[in-house]
Amino acid sequence: MLQALFGLFDGIFNGISIGAVLLIAALGLAIIFGLMGVINLAHGELMMLGAYTTYVVQLAFRPLGEPLFSLYIFVAVVAAFIVAALVGLALERGVIRYLYGRPLETLLATWGVSLILRQFVRSVSGAMAISIAVFCLLFFGALWVLRKRSDWASMQKKAIAILLPLSLAIAGGSGFLLNQVPILARLWFSTRNVDVTAPAWLRGGIPFGISQLPYTRLFIIALTVLCLIGIYWFLNRSVWGLRIRSVTQNRDMSACLGIPTAQVDALTFALGSGLAGVAGCAVSLLGSVGPNLGTNYIVDSFMVVVVGGVGKLVGSIVAALVIGTLNYLIGSGTIAIILGGSGVEFLQPLVGFFTFFATASMAKVMVFVLIIAFLQVRPAGLFPQKGRSVEA
Amino acid sequence: MAVDTALGRQRSRRSRKNKLLIEAGIVVGVALILAVIVPLILSDFRLTLLARFMSLAIVALGIDLIWGFTGLLSLGHGIFFALGGYALAMYLQLQIPEGQIPDFFPLYGVTELPWFWEPFHSFPFTLVAIVVLPMIVAGLLGYLVFRNRIRGVYFSILTQAALVVFFNFFNGQQKLINGTNGLKTSTTMLFGNQVGSPSVQFSFYLITILLLTLTYAFCRWLTSGRFGRLLVAIRDDENRVRFSGYDPTSFKVLVFAISGGIAGIAGALYTVQSGIVSPQYMDIAFSIEMVIWVAVGGRATLVGAILGAIAVNYARSLLSEQFPEVWLFFQGALFLIVVLVLPAGIVGWLRTDGIDGFRRLTGNSRTLSTFPSVELDESLQKEREIAEK
């Protein structure tokens, strides 16, 4: 009996720690979706960038020696946030702002971005980075110069049509030439997975009954809680948070009242992307880091958003914890074991049923069925936004 | 007056009939060229590639039906595609002497055929299952989602999640369906011939052309009448459709199921032509790619869906043969360009701007009967351009 209890506790702890990862991955998604109605399919790739940033920071700290090296994770969290936020900002300014009001197209465009990011990590080298820098310098520099002319509006299309292929050709040519230099041609990450070694103080765990609670899991839970507090404070106590909330509730009215909605959008997107970077940093402690890291988490975090609803943060929290716990309890067979051990006669047929679903992939099948069933009762999620619009 | 309009209506009906006849003639002509002349030109390898692309064009038609016309973006069409493929592959796997079971079963210690394999001994049942099985799954999923007025991106995400779930299920069940390895069809027998042999592959090529033509005709019929207008109405303003007394849910479920059935046909054809069906057909990326074929060709234009599917896949096989790493960059850029610059797709662009642009180039731009001063005033023209957008 005590063992079953420990098993249950173990299950719940593991569930919560899976839920914490889901939550930290889904937080940014939920904020962006709530504000702009945009589903960012590149969210997983932003996580992947965060994880790679962690890897790079770790490499940079290695020569510093032991006492400092153990602290790299704190620098990595901040760096991952900044890198992902910058990429997110570029994504919003470059692509997504042209697509507001067309959510399905945004979905496709962000998928394109995610493909590019994935391949970028695989094939980035010194030569490629330089040629991208050359392209940005030429193209955006020329645009910046031309924009000062008074007849800019009339020549805009023509200028872009000439500049874009020209700078692409120059950048491509220089990239090809630089690729002949062996040092510059070396791939930074290549297609192989890399490993992030957790700092010494995160290895091991607290012994508990038959199992132990790993420190890395506890660290992720702590990080998630910290992010939640930070986001909560930002959204509810700061000026920009107030603006974000007001735009979420009614975009047109906020614009009428003088809130710069375009800036709010950019800021929110950067914030959500930054959170994805932090999530990537957390995830890099759990397993190896590869270009496809994001795809493992992305669908589950979508489900968190769907179940949680977009109105409140608390919806995402509850949804992530419930989905994480259910996934673990079903997938590890804990439910089947408990039912089997309970000795109650009429529950025995259920044991076979739950044993059938007791693998990680089959648990997803069952959780999806439960989600669909849940949506029959509450189609707009746990905490829907209340309103009188016909769309709601 | 009344006589006038009646005459006009009759005339417009006649001209529409003529147009339809011309279109049917073109379609049949193209199909005949594909069936008779193209095999003489292309090598066997290219011909099977073309046949595969045409079966992918069939699923693109199905996607066009729900996305282009009805505005439902499904990211889970791989499910229906794979279900159709599995249905046919199961029949082919069972073409073995009486009392035996397919050779992968003993590897997992299975000695008896699982119950759901039994009906696939019969060929007619399999043919029906290829269409009806995906339709049932699509209809069920559609009903559960649409009846709660879940739509837009929510629907897209849910279809994607369903895709992942089906992938996991098929991937994990070795004892039922051979898991990751999938079902091979190239070495199986169909009516006494090996499926992988050139002669059978050629007849599949002809069948693909026939089915593509039939699917096109079916979609054309479906979208041109009242039903098609209703689909477009649902896409443009679902609430107004509902307030006008229609029930959008049932129409959406129906069209989603039809689209699933079409995907099933395509999957079955694709399976026998590529020689295997595996859970990889339910890869997330593959299902989103199907959408981009339609987007490249042109949404809500059926020809566009077919051309887009063939063109993108041809580009893919060209590029990934030579520079595999460039293909993903190219594909990503394709998504961005189509969405940002060319939202109507190639065919859509040709129909609207393309013709005008061509006229302008050749120097006979369309003349409008307005005041000359309006035509000459640049600022007015600019305003009109903006208004037209």
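Residues numbered from 1 in each chain as written. Chains lettered and ligands numbered in written order. Predicted model: local features only at pLDDT ≥ 70, side-chain atom pairs only at ≥ 80, totals over all residues.

### Details of the overall build of chain A
Across its full length, chain A carries 17 helices and two strands. Overall size of chain A, expressed as C-alpha extent along the three principal axes, is 85 × 60 × 40 Å. Each of the 392 residues in chain A was classed as buried or not, and the buried ones make up 40%. Within chain A, residue pairs in contact and separated by at least 24 positions form 78% of the contacts whose partners lie at least 6 positions apart. (Helix = DSSP H or I, 4+ residues; strand = E, 2+ residues; numbered from the N terminus. Buried ≥ 20, exposed ≤ 12 C-beta atoms within 10 Å, placed from the backbone. Contact = placed C-beta atoms within 7 Å.)

### Considerations on the overall build of chain B
Scanning chain B from N- to C-terminus turns up 16 helices and four strands. Summarising its shape, the C-alpha atoms of chain B cover approximately 85 × 50 × 50 Å along the three principal directions. Relative to all contacts within chain B whose residues are 6 or more apart in sequence, the contacts with residues 24 or more apart total 79%.

### Describing unusual backbone geometry
Although it is not a glycine, A300(B) adopts a positive phi angle of roughly 60 degrees. By the secondary structure assignment, A300(B) is in the loop between α11 (284–297) and α12 (302–322).

### Considerations on the nonpolar core
Core analysis: the largest hydrophobic core is formed by 198 residues, its most contacted members being I24(A), V278(A), A57(B), A60(B) and I292(B). Here the element with the most residues in this core is helix α1 (residues 2–36) of chain A; it accounts for 16 residues. The contacts of A57(B), once residues within four sequence positions are left out, are L212(B), A305(B), I306(B), A309(B) and I310(B). (Core = buried A, V, L, I, M, F, W, Y, C linked by C-beta atoms within 7 Å.)

### Notes on the domain arrangement of chain A
For an interface, size is often stated in terms of accessible area lost upon the parts coming together. All names here are of chain A. Per the domain assignment, the segments of chain A are domain 1 (2–124 + 187–377) and domain 2 (125–186). One C-alpha centre belongs to domain 1, the other to domain 2; they are set 35 Å apart. In this complex, domain 1 contributes four residues to the contact, which on the side of domain 2 involves four residues. Residue composition of the side of domain 1 that touches domain 2, by class: three nonpolar, one polar and no charged. (Domains from an automatic or database assignment. Nonpolar A, V, L, I, M, F, W, Y, C, P; charged D, E, K, R; others polar.)

### Details of helix α9 (residues 215–237) of chain A
For α9(A), with 23 residues, the first-to-last C-alpha span of 32 Å sits near the 33 Å given by 1.5 Å per residue. Along α9(A), the positions that sit buried rather than exposed are R217(A), I220(A), I221(A), L223(A), T224(A) and C227(A). (Expected span 1.5 Å × (residues − 1).)

### Looking at the interface of chain A and chain B
Each side of the interface is counted separately: chain A has 35 residues, and chain B has 38 residues. Sorting the residues of the side of chain A that touches chain B by element identifies α5 (103–123), α13 (293–308) and α17 (360–377) of chain A as the ones contributing at least two each. Across the side of chain A that touches chain B, the residue classes tally to 24 nonpolar, seven polar and four charged.

### What to know about the environment of I39(A)
Along the polypeptide, I39(A) turns up in the loop between α1 and α2 (43–61). Residue I39(A) is classed as buried on the basis of its C-beta count, with 23 C-beta atoms lying within 10 Å. Counting along the chain gives 266 residues from I39(A) to V305(A), while the straight-line C-alpha distance between them is 9.9 Å. Residues in contact with I39(A), not counting those within four places in the same chain, are F33(A), P103(A), L107(A), V153(B) and I157(B).

### Remarks on the environment of I79(B)
By secondary structure assignment, the location of I79(B) is in helix α3 (residues 77–93). For the pair I79(B) and T159(B), spaced 80 residues apart in sequence, the C-alpha to C-alpha distance is 9.2 Å.

### Things to note about helix α2 (residues 44–69) of chain B
Residues and elements named next belong to chain B. Helix length check: α2, at 26 residues, gives a terminal C-alpha distance of 36 Å against a target of 38 Å (1.5 Å per residue), a fit within 8%. For α2, the principal kink sits at I63 and spans about 30 degrees. Within α2, 19 of the 26 residues are buried, leaving the element largely enclosed by the surrounding structure. At the C-terminal side of α2, G71 shows a positive phi close to 80 degrees. (Bend = angle between axes of the 7 residues up to and from the residue.)

### Notes on the packing of α9(A) against helix α10 (residues 239–249) of chain A
All names here are of chain A. Relative orientation of the contacting elements α9 and α10 amounts to 80 degrees, with a least axis distance of 5 Å. Between α9 and α10, the crossing angle belongs to the class labelled roughly perpendicular. Touching F234, L235, N236 and R237 of α9 are G241, I244 and R245, all from α10. Split by residue class, the contact of α9 with α10 holds three nonpolar, two polar and two charged. (Axes fitted to C-alpha atoms, helices over the stretch in contact; angles between N-to-C directions. Parallel < 35°, antiparallel > 145°, perpendicular 65-115°, else oblique.)

### Observations concerning the environment of G85(B)
All names here are of chain B. With respect to the helices and strands, the residue G85 is situated in helix α3. Under the C-beta neighbour-count criterion, G85 is labelled buried, with 29 such atoms within 10 Å. It is 9.9 Å that separates the C-alpha atoms of G85 and T185, two residues lying 100 residues apart in sequence.

### Topic: the packing of α11(B) against helix α13 (residues 324–340) of chain B
Residue and element names in this part refer to chain B. For the pair α11 and α13, the least separation of the axes is 10 Å and the interaxial angle reads 45 degrees. Classified by the interaxial angle, the pair formed by α11 and α13 is oblique. Handedness of the crossing formed by α11 with α13: left-handed. Note on element contacts: α13 touches α11 through L334, F335 and V338, opposite I292, A295 and V296. (Left-handed = near helix turned anticlockwise from the far one by under 90°.)

### Thoughts on the confidence of the model for chain B
Within chain B, residue pLDDT values average 83, and 92% of them lie at 70 or more. Considering each helix and strand of chain B separately, the mean pLDDT is smallest for helix α15 (residues 372–376) of chain B, with a value of 66, and largest for helix α10 (residues 248–274) of chain B, with 91. (pLDDT = per-residue confidence, 0-100.)

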